[in-house]
Structures are given as C-alpha cells and as structure tokens.
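# Coordinate inspection notes
Now for the letters of each chain:
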Amino acid sequence: VAMPLLLLMRHSMELGYKFTITKICQLNGTEYKPKSDRHSLNKLHTRLREEFDKLWHSGGVSDNKKDGFDEYYELTEAAMVRFDELDPAGENFRYPEADFDPNKKVNLLEVKNKFDEAMTLLTFTVDVITDGMHSC
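The structure reproduced in this document is the subject of the present report. Bear in mind the structure is a predicted one, so any value in this text is a computation, not a measurement.

## Re the packing of helix α1 (residues 2-28) against helix α3 (residues 63-86)
Where α1 meets α3, the axes come as close as 11 Å, and the angle between the chain directions of the two elements is 130°. In terms of their interaxial angle, α1 and α3 are classed as oblique. For the element pair α1 and α3, the recorded crossing hand is left-handed. Along the contact surface, α1 presents L6, M9, R10, M13 and Y17, while α3 presents T76, A79, M80, F83 and L86.

## Some thoughts on the environment of D70
Relative to the assigned elements, D70 resides in helix α3. As for D70 and L121, which are separated by 51 residues in sequence, their C-alpha atoms are 9.6 Å apart.

## Considerations on the pattern of salt bridges
Under the definition given, this model contains twelve salt bridges. Among the ionic pairs, R10 bridges to E14, the shortest N-O distance being 3.3 Å. Of the two residues, R10 and E14 both sit in helix α1, four residues apart, roughly one turn of that helix. Neither residue differs from the other here; R10 and E14 are each classed as buried. R82 serves as the salt-bridge partner of E85, at 3.1 Å between the closest nitrogen and oxygen. Of this pair, E85 and R82 both sit in helix α3, three residues apart, which is roughly one turn of that helix. For E85, a relative accessible area of 53% translates into the label exposed. Through salt bridges with shared partners, one network takes in R10, E14, K18 and D87.

## Things to note about the packing of aromatic side chains
Two aromatic rings, taken as a pair, are described by how far apart their centres are and by the angle between their planes. A complete count under the given rule lists two aromatic pairs for this structure. Arranged with centres 3.7 Å apart and planes meeting at 0°, the rings of F52 and F69 form a pair that is stacked. Residue F52 is located in helix α2 (residues 41-57), and its partner F69 is located in helix α3; the two are separated by 17 residues in the primary sequence. Note on accessibility: F52 and F69 belong to one class, buried. Linked through ring pairs, F52, F69 and Y73 together constitute an aromatic cluster. Directly above the ring of Y73 sits R49, whose terminal nitrogen or CZ lies 4.7 Å from the centroid.

## Describing the nonpolar core
Generally speaking, a soluble globular protein has its nonpolar side chains buried in company with each other. One finds L6, M13, Y17, L48 and F83 to be the most contacted residues of the largest nonpolar core, which totals 29 residues. Elements with a contribution of two residues or more to this core: α1, α2, α3 and α4 (108-129). Setting aside its immediate chain neighbours within four residues, L6 contacts F83, L86, F93, V106, L108 and V111.

## Remarks on the environment of L48
Inspection of the secondary structure puts L48 in helix α2. Classification of L48 by relative accessible area gives buried; the value is 0%. For L48 and I21, which are 27 residues apart along the polypeptide, the C-alpha to C-alpha distance reads 5.6 Å. Filtering out sequence-adjacent residues up to four positions away, L48 remains in contact with Y17, T20, I21, I24, F69, L121 and L122.

Criteria and cut-off values
- Residues numbered from 1 in each chain as written.
- Predicted model: local features only at pLDDT ≥ 70, side-chain atom pairs only at ≥ 80, totals over all residues.
- Heavy atoms only, no water.
- Axes fitted to C-alpha atoms, helices over the stretch in contact; angles between N-to-C directions.
- Helix = DSSP H or I, 4+ residues; strand = E, 2+ residues; numbered from the N terminus.
- Parallel < 35°, antiparallel > 145°, perpendicular 65-115°, else oblique.
- Left-handed = near helix turned anticlockwise from the far one by under 90°.
- Contact = heavy atoms within 4.5 Å.
- Salt bridge = Lys/Arg side-chain N within 4 Å of Asp/Glu carboxyl O.
- Buried < 20%, exposed > 50% of the residue type's maximum accessible area, 1.4 Å probe, protein only.
- Phe/Tyr/Trp six-rings, centres within 6.5 Å; stacked < 30°, edge-to-face > 60°.
- Lys NZ or Arg CZ within 6 Å of the ring centre and 35° of its normal.
- Core = buried A, V, L, I, M, F, W, Y, C linked by side-chain atoms within 4.5 Å.

Structure (structure tokens):
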C-alpha cells in the first residue's frame, strides 16, 4: 500500500510545482519548459522561488502575499526534502526494479502531513497571486 501512496503524493507535488511555475512564468512573460526540470523536486522548488521572486520584484505580488508565500515555501521545502530523501530521481516508487529497499520503514502519516502542507502552496499560489482570476 505504501508504494502507490508515496508515488501519488510525490507525483502530485511534482505536477503542482510544474503547474505553479508555468502560471507564474506566464505572469512574468517568460516561457517555461517543464521537461527540462525532469522529475527533480529540488530543481522545481528552486525554480519556483526564482520565478516568484521575479514576479515580486516586478511589482506583480504585494509584500503581504510574499510573506505568505515565504511561510508556505518553507513548509513545502520540508516535504520536498523528505520526498527527495526517499526518491531523489522520481523513480523509486514508479518502477519495480528501482533502488528502494523493500524493508525500509516510512512513517506514512508524517509524510502525508508534510505533503498536505506542501500542497497548500502548490494548489493555491496562483489563485492568491491573481485574486482567483487565472485561467487554466
């Protein structure tokens, strides 16, 4: 049961990063090619910060929204680090021959709580920035 749940949580985070980065890049007037980041949550996390900061520096985000982003960015980083420890390349939960010790114990509740905190940032950032006016 753990492997499919971990795969879904990690993949949801990856897609959340890519969606949010894509939308912020559009607001910045830049193009984002998600394939270049592959499955690296670390790269995606760094890229999200860079794109958000560009938008903030250009006046596209108020200081109070930046403060909220900063708070949730740290919570998301904790989840990203945890998933990166478990599956750095995004392959351990995906492929049966992956390099993941089947006897390794993972506290699913701890990982799920970190995931839930991360998904707040990855789900609502674009809505907060655009006051709910973005288009999918």
